[in-house]
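Read off the chains here:
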Amino acid sequence: MNVVEITIDPDKCNRDAICVLTCPEAVFLQSDEFAIPEVVQPALCVACGHCVAICPAGAITHSQFPPGSIKPVDRQEIPSVRQVEHLLQTRRSIRAFRDRPVSREQIEQIIDAARFAPTADNTQSTQYLVVQDKDIFRRISQITVDYLSGIVRMLRNPILARVLPVLAPARIKDTLGMLGDLEMVLRSTRGGKDWILHDPAALLVFHASTRISLSDVNASLALHNAALMAQSLGLGCFYAGYFLVAAQERKELRDLLSIPPTHQVYGALAIGYPLFTYHNWIERRPPRVIWL
Ligand SMILES: Cc1cc2nc3c(=O)[nH]c(=O)nc-3n(C[C@H](O)[C@H](O)[C@H](O)COP(=O)(O)O)c2cc1C
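The paragraphs below set out a description of the structure included in this document. On a predicted model such as this, the values are computed, not experimentally measured, just so you know.

## Let's talk about the overall build of the chain
Piece 1. For the chain, the helix and strand inventory stands at eleven helices and eight strands.
Piece 2. In terms of overall dimensions, the chain has C-alpha extents of about 75 × 45 × 45 Å along its principal axes.
Piece 3. Taken over 292 residues, the chain has a buried fraction of 37%.
Piece 4. For the chain, long-range pairs separated by at least 24 residues make up 74% of all intrachain contacts whose partners lie at least 6 apart in sequence.
Piece 5. Summed over its atoms, the accessible surface of the chain is roughly 18100 Å², and 55% of this surface lies on carbon and sulfur atoms.
Piece 6. In the chain, 30 positive and 29 negative side-chain charges are present, and the distance between their average locations comes to 12 Å.

Dropping the structure here:
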């Protein structure tokens with residue numbers, strides 16, 4: 001992160017110390033109750049913008065946030081609790097898509113939602129790849145199916161099936177309980193159906209440098225923001241998990257998508273116009289919660 005320049009205008013500052021209390025990195029210090037806070041550790045700033053967003057007096061200027069990048073909150077536009085709840089209750093994984101393209105503007109709006117997800121230390125680490133080419137979809141599905149076939153062969157081998165639970169890397173172990181699912185995917189694919197991507201209009205791939213701490217978690221959070229925006233736009237999507245696992249294991253797949261060698265794929269959403277409308281939403285199991 002570049003060293004930032006933060007200034008507090010003493011004529012505007014009302015000494016409420018909200019910047020001191022909300023900065024996650026202790027960049028500010030208020031020496032006593034009535035003092036104007038000082039910028040004591042600008043080198044620690046992660047440019048999250050909390051200080052400029054929260055100062056009621058508009059007293060803080062920050063080199064990362066020039067005029068135009070600071071916008072007023074419009075509370076009228078924030079959905080109600082019921083609206084948020086119903087958005088979440090009615091989101092479903094959509095796997096049956098219309099043969100209709102999704103516009104570039106819609107995909108940009110989905111990515112725009114993704115970039116507002118939180119990221120550890122505000123690294124904003126997630127990068128995006130948009131695939132709309134049907135030939136590339138076919139290649140992705142082929143390589144993924146090849147990869148899954150290899151796993152199924154391994155799991156069906158009686159000797160390997162006994163040693164794998166002990167020796168295999170965690171990712172392979174995860175698939176041990178999925179033999180039935182994998183066999184179903186392979187059977188359906190042989191029948192001509194693309195069970196990996198389900199013929200979407202677009203595949204949005206979330207990738208990031210493996211050197212950035214928690215970049216996998218950041219990408220997952222970005223992905224769900226994207227999914228909710230897709231839903232709000234009247235689109236549908238599902239988490240392309242089979243593709244994800246194959247992309248993480250198969251360099252061939254990452255090369256096909258020009259994923260940089262220092263990056264890993266951390267998520268993927270297949271997106272399109274839903275073919276069907278859901279008329280009901282379904283209860284989930286009650287949460288398992290411990291309160292301490
Ligand atoms: C990590 C992850 C991987 C997934 N992978 C796939 C996948 O490869 N194919 C698919 O059709 N659905 C996939 N899904 C969607 C789940 O099957 C789905 O979320 C779950 O059945 C609940 O249904 P809902 O999303 O409609 O609420 C995945 C979901 C997650 C969170």
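## Details of the site of the ligand
Piece 1. Residues in contact with the ligand, as listed here, are Arg91, Arg92, Ser93, Arg95, Phe238, Tyr239, Ala240, Gly241, Tyr242 and Arg284.
Piece 2. Arg92 places a side-chain nitrogen or oxygen 2.9 Å from an oxygen atom of the ligand.
Piece 3. Arg284 places a side-chain nitrogen or oxygen 2.5 Å from an oxygen atom of the ligand.
Piece 4. Those elements that place two or more of their residues in the shell around the ligand are strand S7 (236–239) and helix H10 (241–249).
Piece 5. Here the shell around the ligand is composed, by residue class, of four nonpolar, two polar and four charged.

What counts as what
Residues numbered from 1 in each chain as written. Predicted model: local features only at pLDDT ≥ 70, side-chain atom pairs only at ≥ 80, totals over all residues. Heavy atoms only, no water. Helix = DSSP H or I, 4+ residues; strand = E, 2+ residues; numbered from the N terminus. Buried < 20%, exposed > 50% of the residue type's maximum accessible area, 1.4 Å probe, protein only. Contact = heavy atoms within 4.5 Å. Areas by Shrake-Rupley, 256 points an atom, 1.4 Å probe, with all protein chains shown as cover. Lys, Arg positive; Asp, Glu negative; His and termini not counted. Charge placed at Lys NZ, Arg CZ, Asp CG, Glu CD. Near = heavy atom within 4 Å. Polar contact = N/O pair within 3.5 Å; in protein donor to acceptor, adjacent residues only side chain to side chain. Nonpolar A, V, L, I, M, F, W, Y, C, P; charged D, E, K, R; others polar.

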